[in-house]
Amino acid sequence: MQQALRHYLLAVQFFTRLPVTGRLADWVGYSPAMLRASAAHFPGVGWLVGAIAAAAYAALHAALSGQPPLVPLIAAVGCTIATVIATGGFHEDGLADVADGLGGSAQRERALEIMKDSRIGAFGAMALVLALLAKVALLALIGTHGLGAALVSLWAGHVLSRGWPLLLIWRLPHVGDTATSKSKPLAERIATPALWAAAAWCVPPLALAGWVLGAPLLAAVLITSALAAAWMGRWFQRRLQGFTGDCLGATQQVCEIACYLGAAIALAQRGGLG
């Protein structure tokens, strides 16, 4: 249990700005093997980020309860800002790099070279703007169906979207520069037991979504996010013949948006929660 907790805290330290420092960081430790093992807990990081998003959304919803037409929109903006602060925009950065690389060149080697450049280009800027707009718009739409719908969707979206990228590690080879890549310890394909551990992290939020909002909504979230993950994997296989760390971040972002899209479609078909 202690080793599993260390792996989880290392994932939190690596993928968020949440403080795992000082004596706690010393106790956690670090090695490439530990970071590789921490991949099983990526959806567990989503538990924390999703909780932060839900808390921000609920707080703004309560504070602005006298302005009903604007509450879902402002709460959606606020919780999105909270998650970017909590993660340091780690996954958004990956999305921008992938958009710049694959949008900027049809040649594999040139695309990988562009993705290493820390500067943001036109394709990356457009991808970031559109991704943030999609999140805010979908969360605001979900929020019109009730506070519970928004909070459950946020938690499930953040957890599930951090599970799908693990399938890229499992199925595709790492094609980044392993000498400098931040994802170097993840270059080796993830073991099947780690996938099961990651799936276990996803069960409680998905079960809650099914219980609170119904099986059709849960099915919609799973289907849309799975299709998004499959599309991203196929895209990376075709264009890069593998994945990089940026590809994992981009997949998380696209799958998160897909989760909200699935929830919004299911809620629209349902006609509201009353």
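Structure report, in brief. None of these values were measured; they are calculated from a predicted model.

1. Considerations on the packing of aromatic side chains
Ring pairs (aromatic) are described by centroid distance and by the angle formed between their planes.
Here is step 1 of the chain: Enumeration according to the criterion identifies nine aromatic pairs in this entry.
Here is step 2 of the chain: Ring plane angle 80° and centroid distance 4.8 Å describe the contact between Phe-14 and Phe-15, whose orientation is recorded as edge-to-face.
Here is step 3 of the chain: On the accessibility criterion, Phe-15 (10% relative accessible area) is buried.
Here is step 4 of the chain: Aromatic side chains Trp-47 and Trp-201 sit 5.4 Å apart centroid to centroid with 80° between the ring planes, which places their arrangement in the edge-to-face category. With Trp-47 in helix H4 (residues 42-63) and Trp-201 in helix H11 (residues 192-213), this residue pair connects regions lying 154 residues apart in the sequence.
Here is step 5 of the chain: Look at Trp-201 and you get partly exposed, because its relative accessible area is 22%.

2. Overview of the environment of Ala-156
Here is step 1 of the chain: Structurally, Ala-156 is set in helix H9 (residues 147-160).
Here is step 2 of the chain: Assessed through its relative accessible area of 5%, Ala-156 is described here as buried.

3. Observations regarding the pattern of salt bridges
Here is step 1 of the chain: In the structure shown here, the tally under the stated rule is five salt bridges.
Here is step 2 of the chain: For Glu-92, the salt bridge is made with Lys-135, and the minimal N-O distance between the two is 3.4 Å. Of the two residues, Glu-92 is situated in helix H6 (residues 90-104) and Lys-135 in helix H8 (residues 122-143); the sequence distance between them amounts to 43 residues.
Here is step 3 of the chain: Since its relative accessible area comes to 9%, Glu-92 is described here as buried.
Here is step 4 of the chain: Overall, Lys-135 belongs to the buried group, its relative accessible area being 2%.
Here is step 5 of the chain: Linking Glu-109 and Arg-108 is a salt bridge whose minimum nitrogen-to-oxygen distance equals 2.4 Å.
Here is step 6 of the chain: Under the relative-accessibility criterion, Arg-108 is labelled partly exposed at 25%.

Here is what the cut-offs are and how they apply
- Residues numbered from 1 in each chain as written.
- Predicted model: local features only at pLDDT ≥ 70, side-chain atom pairs only at ≥ 80, totals over all residues.
- Heavy atoms only, no water.
- Phe/Tyr/Trp six-rings, centres within 6.5 Å; stacked < 30°, edge-to-face > 60°.
- Buried < 20%, exposed > 50% of the residue type's maximum accessible area, 1.4 Å probe, protein only.
- Helix = DSSP H or I, 4+ residues; strand = E, 2+ residues; numbered from the N terminus.
- Salt bridge = Lys/Arg side-chain N within 4 Å of Asp/Glu carboxyl O.

Distances and angles like these do not, on their own, reveal function.
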